[in-house]
Amino acid sequence: QVRLVESGGGLVQAGGSLRLSCVGSGITFSLSTMGWYRQAPGKQRELVAAITSGGSTNHADSVKGRFTISRDNAQNTVHLQMNSLKPEDTAVYYCNAKRGQTYVYWGQGTQVTVSS
């Protein structure tokens, strides 16, 4: 059974920090590209950051310099360190695991709310 379990969301003031974590099971974690997406009310889900099996990263322009994605294959975990948070970062954040054409899986999401 595949599971992607996110944690670390919550309520924070603007300028604050949060660290999201996602633990994967039932997948070949080390060979998966892991990503974080977010969806704000009334908006489409968008890519925030991704990290390949080789460790290459990609961050959306809106979060560059503030957010950092990382992975720990020994713990089957991907993190998203979020600094200098802004109210517009408020969204449900989803963990994503994909491996080519083999599979794409999503977590249940974790709410991040940034107050002004």
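Refer to the preceding data block for the structure.
Computed from a predicted model, the values in this text were never measured in an experiment.

(A) Molecular detail of unusual backbone geometry. Phi at Asn 76 is positive, roughly 50 degrees, even though this residue is not glycine. Its location among the elements puts Asn 76 in the loop between β7 (67–72) and β8 (77–82). By relative accessible area, Asn 76 is classed as partly exposed at 26%. With phi around 50 degrees, Ser 84 is a residue other than glycine that occupies positive phi space. For Ser 84, the position within the fold is in the loop between β8 and β9 (91–99). Of the residues examined, Ser 84 reaches a relative accessible area of 41% and is grouped as partly exposed.

(B) Looking closely at the packing of aromatic side chains. All chains considered together, the criterion is met by two aromatic pairs. One Lys or Arg, Arg 45, reaches over the ring of Trp 106 and ends 4.6 Å from the middle of that ring.

What counts as what
Residues numbered from 1 in each chain as written. Predicted model: local features only at pLDDT ≥ 70, side-chain atom pairs only at ≥ 80, totals over all residues. Heavy atoms only, no water. Helix = DSSP H or I, 4+ residues; strand = E, 2+ residues; numbered from the N terminus. Buried < 20%, exposed > 50% of the residue type's maximum accessible area, 1.4 Å probe, protein only. Phe/Tyr/Trp six-rings, centres within 6.5 Å; stacked < 30°, edge-to-face > 60°. Lys NZ or Arg CZ within 6 Å of the ring centre and 35° of its normal.

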